[in-house]
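# Residue-level structural notes
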Amino acid sequence: MRRNARFFLLAALAGLGLRLFFVLFFPGVVNDSRLYANIATNWLQHGIYGVTDSGHIVPTLSRLPGYPAFLALIFAIFGRDNFRAVLLVQVLFDLGTCFLIADLSRRLLSKRAAKAAFALAAVCPFLANYAAAVLTETLEIFFTTLALDLAVCGLRFDSKSSTTAGVARKPPLAVWLGCGFAIGAGVLLRPDGGILLAAVGGYLLFLVWRAVRSNRSEMAAPPLALVRAGALVVLAVTITLLPWTVRNLRTLHRFEPLAPRYANDSDEPVMTGFNRWVKTWIADYVSVQEIYWIVPGSAVEVARLPSRAFDSTQQREETTQLFAEYSDDNDMTPELDARFAALAATRIRTSPFRYYLWLPAVRIADMWLRPRTELLPSDPRWWEFNDDRRWLAVSIVFGLINLVYVGLAGIGLLRVRQVHAVGLFVVFVLLRSLFLGTLENPEPRYTLECYPVVIFLVSAIFTGADKLPYSESSM
């Protein structure tokens, strides 16, 4: 940075300006934001981690404490419900993410790649857009990138180091603890942050296997050092989650180290049948907005259901009847939920391939490739081209930008597939994508945690092939 101070200063100012633009003109305060704020306020003012229900504060475990703790800290310093302060602090975290991504490229590729990575992260409209939303994404992305950077540092993979495969004989223990605490912080923000723990653990196991299998001891990483590194990561994550787990046991008499699958409290029913039926046809974010999110509580336009939601005319009529009964009071009763479950079972038996493979793959593709304009006034049905021309243009431009980032990342992966630690990144992206394919709500924001990897891979294009520090074994 000292040698390229002007470049980093200008790129940082451009990134700051872009984020402040979203903060000033498109601040995102949604229903989840208000729920987090309510928990933070109750925690701060009454010492109760809970939600306000009919004027009473009820302890909750529906949301992990990471983001409410962040909001409580901001509110304590800048005033209650000061969302503007929250967004400005998130802007700083997001700029910190840009530097971490650049450090990944510096360690694994080159200084030139680091500059490209910083610029690409600074001007990325998707990261900037979510920095202006009172949601967990910005902090989650920051801690994800921090954990990846510390893992690379712990593995002692550096563009200046030897190209021999392996890990330093004595990896710094504090670095692995830091990696674990960063993963733990991500888990405290969102339960799916645990996917990164699985990726790091799986990659370390792969290195152990390779070290044991190697006949050239001078090139192999010491298995015990790798096992110790993995144990330190797990220990740090466990320490991070322990207070939350103990709180849930003592206050709610429930063992819950994360949060419930459907973010529900103990006394809240879960629409398991309806959710299973939704997974037999849902494939895109539009259906999440128009159907999934509004049940229960709001009327559903059955005409909005895509044709893939029905296998026959009889099934269409049955579904229409179910929603007609639901519309009586917009409540999903246990009896109605059971009938949706029976309908889901029929559809799964009819086409298990569709349910277990095809639709998850389509949901993954939708989360990766659709225009990332869900926080903007753009019409989510952008492909119908009936939106206001300005917002239609925004949807098209955002969609193209996303395709450029993802497409160039694919090219970059081909160039760096033998660079140290790239296997860790690939495992993380694959595990996270596969997990997201199992969800009923394919939201594009869930893939943003992978964008630091995307930007790292794109930055590889800006390093000459002759300067790439290849290892002697692929990934």
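For the structure, check the block above.
A short tour of the structure in this document, coming up. Just so we're clear, the structure is a prediction, and the values are computed from it rather than from any experiment.

## A look at the pattern of salt bridges
Evaluation of the coordinates by the stated rule reveals 23 salt bridges. Ionic pairing is found between Arg-304 and Glu-290, a salt bridge with its closest N-O pair at 3.5 Å. Placement of Arg-304 in the loop between helix 12 (285-292) and helix 13 (313-326) and of Glu-290 in helix 12 is noted, with a sequence separation of 14 residues between them. Classification of Glu-290 by relative accessible area gives buried; the value is 18%. It is possible to trace a salt-bridge network through shared partners that takes in Glu-137, Arg-190, Asp-192, Arg-432, Glu-443, Arg-445 and Glu-449.

## Considerations on helix 3 (residues 66-78)
Think of an α-helix as turning once every 3.6 residues; residues three or four places apart then point the same way. The end-to-end C-alpha distance of helix 3, which contains 13 residues, comes to 19 Å, matching closely the 18 Å that a straight helix rising 1.5 Å per residue would cover. Taken residue by residue, helix 3 has Gly-66, Tyr-67, Pro-68, Phe-70, Leu-71, Ala-72, Ile-74 and Phe-75 as its buried positions. Each element contacted by the buried residues of helix 3 is listed here: helix 2 (31-46), helix 4 (83-108), helix 7 (137-154) and helix 8 (173-189). Just downstream of helix 3, Gly-79 is the residue with a positive phi angle, here 110 degrees.

## Thoughts on unusual backbone geometry
Looking along the chain, the bond that leaves Val-295 and enters Pro-296 is cis, with omega of -5 degrees. Within the fold, Pro-296 resides in the loop between helix 12 and helix 13. A positive phi angle, close to 55 degrees, is found at Asp-81, a residue other than glycine. Within the secondary structure, Asp-81 sits in the loop between helix 3 and helix 4. Backbone geometry places Asn-330, a non-glycine residue, at a positive phi of 55 degrees.

## With respect to the pairing of strand 1 (residues 50-53)
Summarising the sheet, strand 1 and strand 2 (residues 56-59) pair through four bridges and their orientation is antiparallel. Bridged to Thr-52 within strand 2 is Ile-57. The loop that links strand 1 with its antiparallel partner strand 2 comprises two residues; one of these, Ser-54, has a positive phi angle of about 55 degrees.

## Re helix 17 (residues 422-436)
Between its first and last C-alpha atoms helix 17 spans 21 Å; for 15 residues at 1.5 Å apiece the expected length is 21 Å, and the two agree. Regarding helix 17, the residues found buried are Val-422, Gly-423, Leu-424, Phe-425, Phe-428, Val-429, Arg-432, Ser-433 and Leu-436. Looking at the buried positions of helix 17, the neighbouring elements they touch are helix 4, helix 7, helix 9 (194-213), helix 15 (352-369), helix 16 (389-416) and helix 18 (451-459).

## Digging into the side chain of Asn-275
Secondary-structure assignment places Asn-275 in helix 11 (residues 272-278). Once you skip the residues sitting within four places of it in the chain, Asn-275 turns out to touch Tyr-262, Val-270, Tyr-292 and Glu-440.

## So, the environment of Arg-308
Here Arg-308 shows up in the loop between helix 12 and helix 13. Residues contacting Arg-308, with those up to four places away along its chain left out, are Trp-281, Ala-283, Asp-284, Ser-287, Arg-347, Arg-354 and Leu-359. Side-chain polar atoms of Arg-308 contact the backbone oxygen of Trp-281, separated by 2.5 Å.

## Some words on the packing of helix 1 (residues 5-25) against helix 4
For the pair helix 1 and helix 4, the least separation of the axes is 10 Å and the interaxial angle reads 150 degrees. As helix 1 packs across helix 4, the resulting crossing turns out to be right-handed. Contacts from Phe-8, Ala-12, Gly-15, Leu-16, Arg-19, Leu-20, Val-23 and Leu-24 of helix 1 reach helix 4 at Arg-84, Leu-87, Leu-88, Val-91, Asp-94, Leu-95, Cys-98 and Phe-99. Grouping the amino acids of the contact of helix 1 with helix 4 by side-chain chemistry returns 12 nonpolar, one polar and three charged.

The rules behind each value
Residues numbered from 1 in each chain as written. Predicted model: local features only at pLDDT ≥ 70, side-chain atom pairs only at ≥ 80, totals over all residues. Heavy atoms only, no water. Salt bridge = Lys/Arg side-chain N within 4 Å of Asp/Glu carboxyl O. Helix = DSSP H or I, 4+ residues; strand = E, 2+ residues; numbered from the N terminus. Buried < 20%, exposed > 50% of the residue type's maximum accessible area, 1.4 Å probe, protein only. Expected span 1.5 Å × (residues − 1). Contact = heavy atoms within 4.5 Å. Pairing = 2+ DSSP bridges. Polar contact = N/O pair within 3.5 Å; in protein donor to acceptor, adjacent residues only side chain to side chain. Axes fitted to C-alpha atoms, helices over the stretch in contact; angles between N-to-C directions. Left-handed = near helix turned anticlockwise from the far one by under 90°. Nonpolar A, V, L, I, M, F, W, Y, C, P; charged D, E, K, R; others polar.

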